[in-house]
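# A closer look at the structure
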Amino acid sequence: MSTTAPVLDLAQRPRRNRRTQALRAAVRETSLSAQHLVLPLFVQEGTDKKDAIGAMPGCYRLSIDHIVAISKEAYEVGVAGVALFPALDDTVKSRTGDESWNPEGLLQRCVRALKKELPELLVITDVALDPYSSDGHDGYVTDEGIIDNDITVPLLCKMAVAQAEAGADMVAPSDMMDGRIGAIRKALDERGFTQVAICSYCVKYASSFYGPFREALDSAPRAGDKKTYQMDPANRTEALREGADWLMVKPGLPYLDVILAVKQATALPIAAYHVSGEYAMLKAASAQGWLNYDSCLLESLLSLRRAGASIIFTYGAIDAARLLQDKTKAAYYQ
């Protein structure tokens, strides 16, 4: 029996461009690097505190000293920045979230510590009422149980200004109240913070993938849900753009089509949030031996880049950055 295969009459042979690593790299359309990544971190009160988050293996609620240490680690491997989320005790929470603009509040002290130790690190702060709210919602809750948009927006403006005063490079309103981007931009500019950027969560879905995040911050709503202000997962054409510097789509992987749609609609940089549930699924499946965490993490992040994301918030930022330093493991991503 002959071992010589017949030569097919093919006009195109795409495999020619896949034959060697050099050829593959030369024609690669999408790349992934540590500079595309932002590491979300959960800060808590205390000193030398590092409390594991059960639903997010490898993630912790950290005291400020540990936040500084892990941020140095992220900076050293090339991660672009960190995004801070405060985990607060119920004793400082209120309906109006007054703790959010306390100059000596947890988040503000954390920002100052980071900018002192790592002045070049990009520090992004979350703007939403839920970590500070006794009701657990992103906005102010009336006596009738309604999340009041117009009462909330001025509170968010005070929060954003306090974060800018502490030294935040970028504020990231994740609350999804109508009109808050323009109002925050005006409030920052009036206080002289024209250089502080805004990352607008212009597309944030009422998603089931946020569960581990809410465990991390103990910020689940005390009553009701967030469907009246976060987006319906069935829709993709809603977005707020006024005055923003980045536009965020959250979650990431289930909404790749939305990332692409937003990318096609604007010249602004697009950020995508590889959220807690997406990260936790990779960790859980890896622990069972069902998939390889390293390769699936990089592939997931590359898919977000391919869809149009310039920046990716991911709990695996340090893991990915280290993998990308390994030329063998990073061969398909750079």
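Here the structure is a predicted model, which is why all the values come from computation and not from measurement.

The rules behind each value
Residues numbered from 1 in each chain as written. Predicted model: local features only at pLDDT ≥ 70, side-chain atom pairs only at ≥ 80, totals over all residues. Heavy atoms only, no water. Salt bridge = Lys/Arg side-chain N within 4 Å of Asp/Glu carboxyl O. Helix = DSSP H or I, 4+ residues; strand = E, 2+ residues; numbered from the N terminus. Buried < 20%, exposed > 50% of the residue type's maximum accessible area, 1.4 Å probe, protein only. UniProt positions renumbered as here; feature names shortened; annotations may be inferred. Contact = heavy atoms within 4.5 Å. Pairing = 2+ DSSP bridges. Patch = residues over 30% accessible without salt bridge, like charges linked within 9 Å, V, L, I, M, F, W, Y side chains within 5 Å. Areas by Shrake-Rupley, 256 points an atom, 1.4 Å probe, with all protein chains shown as cover. Lys, Arg positive; Asp, Glu negative; His and termini not counted. Charge placed at Lys NZ, Arg CZ, Asp CG, Glu CD. Expected span 1.5 Å × (residues − 1). Polar contact = N/O pair within 3.5 Å; in protein donor to acceptor, adjacent residues only side chain to side chain. Phe/Tyr/Trp six-rings, centres within 6.5 Å; stacked < 30°, edge-to-face > 60°. Lys NZ or Arg CZ within 6 Å of the ring centre and 35° of its normal. Right-handed = clockwise from strand over helix to strand, strands pointing away.

With that out of the way, let us pick up the pattern of salt bridges. Scanning all chains against the criterion turns up 12 salt bridges. Note that E45 is salt-bridged to R109, the shortest N-O span being 2.5 Å. With E45 in the loop between β1 (37-43) and β2 (50-52) and R109 in helix α3 (residues 106-117), the pair connects residues that are 64 residues apart, well separated along the chain. Assessed through its relative accessible area of 26%, R109 is described here as partly exposed.

Moving on to the UniProt feature "active site" (unreviewed entry) in the protein chain. Within this structure's numbering, the places UniProt gives as "active site" (unreviewed entry) are K204 and K250. A stretch of 47 residues holds the annotated residues, and the largest C-alpha distance among them is 4.8 Å, short enough that they meet in one place. When you line up the elements, K250 lands in strand β10 (residues 246-250).

Moving on to the side chain of T152. Residue position: T152 is located in helix α4 (residues 149-166). Residue classification places T152 among the buried residues on the basis of a relative accessible area of 0%. Apart from the residues within four sequence positions on either side, T152 is in contact with D138, G139, Y140 and M177.

With that settled, the discussion passes to the pairing of strand β12 (residues 311-314). Burial along β12 is two-sided: I311 and F313 and I312 and T314, pointing in opposite directions, are all buried. Across 2 bridges, the pairing between β1 and β12 is parallel. Of the residues in β12, the one forming a bridge with L37 is I312. When strand β11 (residues 270-274) meets β12, the two strands line up parallel, connected through 4 bridges. The residue bridging A272 from the neighbouring strand is I312, located in β12.

On the surface, a cluster of positive charge is made up of R13, R15, R16 and R18. Structurally, R18 is set in the segment before α1 (21-27).

Glancing now at helix α9 (residues 293-307). Side chains of residues three or four places apart in an α-helix project in the same direction, reflecting 3.6 residues per turn. Helix length check: α9, at 15 residues, gives a terminal C-alpha distance of 21 Å against a target of 21 Å (1.5 Å per residue), a fit within 8%. Burial runs high along α9: 11 of the 15 residues are buried. On the buried face of α9, the contacting elements are β1, α7 (256-265), β11, α8 (276-287), β12 and α10 (317-325). The distance from a side-chain oxygen at the start of α9 to the backbone nitrogen of D294 is 3.1 Å, and the residue carrying that oxygen is N292. Phi for G308, located one or two positions after α9, is positive at around 135°.

Here we take up the packing of aromatic side chains. Applying the stated rule across the entire model yields 7 aromatic pairs. Between the aromatic rings of Y273 and Y315, the centroid separation amounts to 6.0 Å while the plane-to-plane angle is 45°, which identifies the pairing as tilted. Here Y273, found in strand β11, pairs with Y315, found in the loop between β12 and α10; they are 42 residues apart in sequence, far enough to count as distant. Seen from their ring centres, Y279 and Y293 are 6.5 Å apart, and the 85° between their planes marks the pair as edge-to-face. Of the two residues, Y279 sits in helix α8 while Y293 sits in helix α9, which places them 14 residues apart along the sequence. Residue classification places Y293 among the buried residues on the basis of a relative accessible area of 8%. Every member of this aromatic cluster is reached through a ring pair, and the members are F42, F85, Y273, Y279, Y293, F313 and Y315. It is K50 that lies over the ring of Y60; its NZ or CZ is 4.7 Å from the centre. Here K283 stacks its cationic end above the ring of Y293, 4.2 Å away from the centre of that ring.

In this section: the pairing of strand β9 (residues 197-204). Consecutive residues of a regular strand have side chains that alternate between opposite faces of the sheet. Here β9 lies mainly inside the structure; 8 of its 8 residues are buried. Relative to β9, strand β8 (residues 170-173) runs parallel, the two sharing 2 bridges. Paired with V171 across the two strands is I198, which belongs to β9. A crossover connection joins β8 to the parallel β9 through helix α5 (residues 180-190); in handedness this β-α-β unit is right-handed.

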